[in-house]
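# Architecture at a glance
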Amino acid sequence: MTTTSHAQQARGRGRRGTAAALGAVGALVLTGCGGADAGGTPTLTWYINPDAGGQAELAQQCTEQSGGRYRIETSLLPRDAASQREQLARRLAAGDSSMDIMSLDPPFIPELAEPGFLAAPPQEVVDATTQDVLDGPLEGARWNDELVTIPFWANTQLLWYRESVAEAAGLDMDQPVTWQQIMDAARRQDKYLGVQGTQGESMTVWVNGLVKSAGGEIIENPEAPADEISVALDSEAGRQAAEIVGTIGRDGLGGPGLPTSDENASMIQFQSEQGSFMVNWPFIYAATAAAVEDGTVEASVYEDIGWALWPRVDADTPSAPPLGGINLGVGATSEHQDLAWEAVECIVQPENQAYYFVTNGNPAASEAAYEDPEVREAYPMYATIRESLDQAAPRPQTPFYNEVSTAIQQEWTPPASVTESTPRNTAEFIEAVLRGDRLL
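Criteria and cut-off values
- Numbering of residues starts from 1 in each chain and follows the order in which that chain's sequence is written.
- Only residues with pLDDT of at least 70 are given local features in this predicted model, and only at 80 or more are side-chain atom pairs given and counted; all residues enter the totals for whole chains, interfaces and linings.
- Hydrogens and water molecules were not included; the side-chain quantities draw on all heavy atoms of the structure.
- Across the chain, each position has a pLDDT score giving the predictor's confidence in that residue, from 0 to 100.
- For this analysis, residues touch if any pair of their heavy atoms sits within 4.5 Å.
- Residues enter a nonpolar core if they are buried and are Ala, Val, Leu, Ile, Met, Phe, Trp, Tyr or Cys, with the set joined through side-chain atoms within 4.5 Å.
- A 1.4 Å probe rolled over the protein chains alone gives each residue an accessible area, and that area as a share of the maximum for its type sets the label: buried under 20%, exposed over 50%, partly exposed in between.
- Going along the chain from the N terminus, every DSSP run of H or I of four or more residues is numbered as a helix, and every run of E of two or more is numbered as a strand.
- Here a strand pair is declared whenever DSSP counts at least two bridges between the two strands.
- Salt bridges are defined as contacts in which a side-chain nitrogen from Lys or Arg sits within 4 Å of a carboxyl oxygen from Asp or Glu.
- Only centres within 6.5 Å qualify two rings of Phe, Tyr or Trp (six-membered ring in Trp) as a pair; their planes then separate them into stacked at under 30 degrees, edge-to-face at over 60, and tilted for everything else.
- All axes are obtained by fitting lines to C-alpha atoms, using only the stretch in contact for helices, and the reported angles, taken between N-to-C directions, cover 0 to 180 degrees.

### Description of the confidence of the model for the protein
Mean pLDDT over the protein: 92, with 91% of residues reaching 70 or higher. The model gives residues 1-33 a pLDDT under 50, and that stretch makes 104 contacts with residues more than four places away or in other chains.

And the structure:
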């Protein structure tokens, strides 16, 4: 296990610098439909999720490196993952020929791949781009055992902790810790745990991580048709997950704002005097450094932060941390598929992933990128991130992910309402929705 603290690190480091629901497509005005510019150079449209400008920079860089073979224009998607999914799905279902390159949130890939909306990556592109991709991101790029997208950047949650709290609890953070241990530590010191309890995608992330860490699955047969899907939440792993979520909610361990707490809210709580342990994405490090520079967080808080792998559910079983990130796909109706794959190959070069990590704070999918000296300087927890990505587990990879996730969000919030019957109720609800017997 890789873990460390950063009390010795300089202040401010790390600051350089997203078929089942496609039925109701409706009329759609298609914009940005590619083609060629006045000079005859083909124009590729890259639909990107919001970031700190790094994807636009890479688009310009790869345009220049193409030697005039193509130029890449970026088109910004909505901020939240669900809206990104909806816009992409509608455009693809309508046959939009501008869907040259797409930044795709891994959970939504099966929904787009199953009806044939995504072009299959050529084998030579697969060979050139996936040789050193970490296990978690590579698994999240597949559908039906086939690679249908190319990992660009990956994300995973770490266990962030206040060193003073861990020390007072007598925890050796060089060893794996469990959810029970950090819950006990927070309770005894009258501190709050940083978890995301709001009714949103973050709840599905939390539940899936707990279930997978306990050795279970949310969906037994994710590739099955809707009326044959078997939801496996009514299991020992599901009940263990419910016990953790429910206890944190009912005992007030997540703080008074838990029912509406997202990633940013839990970070702010973690930075307060009540902070103890928190599960969250790597952006925490740079965001806290920035808050110190802005004067909104004391330097002593930043210096008190350590990191480790996601907590275990069972002491003897390695955790399965949440997996996030962005993969690149090419639309099956793109008029420039060959050039689009050529551009993808350029975008995901390890040196580009390293640059994007340092400047935009999004971890690389490529193992080679973690050897970059600037990555290691900017993110001293790089080894923990890399190890976590190798252990990370994707959310249920099913074309019906939207239904599954929405049902979990409804049934598992607020956290204080979660009981031992929640996994069974959720399983029955999801299966009824997929059979058409109930509505979300």
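### Let's talk about the nonpolar core
Core analysis: the largest hydrophobic core is formed by 67 residues, its most contacted members being Trp-46, Ile-101, Phe-152, Trp-160, Leu-328 and Ile-347. Looking at this core element by element, the count peaks at seven residues for helix H13 (residues 337-347). Residues Met-173, Val-177, Trp-206 and Val-433 belong to the second largest nonpolar core, which totals 50 residues.

### Regarding the pairing of strand E4 (residues 101-104)
The two faces of E4 match: Ile-101 and Ser-103 on one face and Met-102 and Leu-104 on the other face are all buried. For strand E2 (residues 43-48) and E4, the ladder comprises two bridges, and the chain directions are parallel. Across the sheet, the residue bridging to Trp-46 is Ile-101, located in E4. One ladder, built from three bridges, connects E4 with strand E12 (residues 323-329); its direction is antiparallel. Looking at the pairing, Ser-103 lines up with Leu-328 of E12.

### A look at the pattern of salt bridges
Counted under the stated rule, the structure contains 15 salt bridges. One salt bridge in this structure joins Arg-376 and Glu-371, with 2.9 Å as the shortest N-O distance. By relative accessible area, Arg-376 is classed as partly exposed at 29%. The exposure class assigned to Glu-371 is partly exposed, which follows from its relative accessible area of 46%. Salt bridges sharing partners connect three or more residues here, namely Asp-184, Arg-187 and Asp-251.

### What about the packing of aromatic side chains?
Here a ring pair, both rings aromatic, is described through the centre-centre distance and the interplanar angle of the planes. Evaluation of the coordinates by the stated rule reveals 13 aromatic pairs. Taking 5.8 Å as the distance between ring centres and 75° as the angle between the ring planes, the aromatic pair formed by Phe-108 and Tyr-401 counts as edge-to-face. Here Tyr-401 lies in helix H17 (residues 401-411) and Phe-108 lies in the loop between E4 and helix H3 (109-113), a separation of 293 residues in the sequence. Considered together, Phe-108 and Tyr-401 belong to a single accessibility category, that of buried residues. Connected via pairs of aromatic rings, a cluster forms that spans Trp-160, Tyr-285, Tyr-302, Trp-307, Phe-357, Tyr-370 and Tyr-379.

### With respect to unusual backbone geometry
Residue Pro-414 is bonded to the preceding Thr-413 through a cis peptide linkage, with omega at -10°. Its place among the elements puts Pro-414 in the loop between H17 and helix H18 (422-435). Phi is positive for Asp-190, which is not a glycine, with a value near 55°. If you trace the backbone, Asp-190 turns up in the loop between helix H7 (179-188) and strand E9 (192-194).

### Here's the deal with the sheet that holds E4
Sheet strands associate in pairs through backbone hydrogen bonding, adopting either a parallel or an antiparallel arrangement. In spatial order, the strands read E3-E2-E4-E12-E7; together these five strands make up an open sheet with mixed pairing. Sheet topology places strand E3 (71-76) and strand E7 (150-156) at the edges, where each strand pairs with a single neighbour. Put simply, the sheet's adjacent strands are angled 15° from each other on average, direction ignored. On the sheet, helix H16 (residues 382-391) packs against E7 and E12 and is oriented at approximately 110° with respect to E7.

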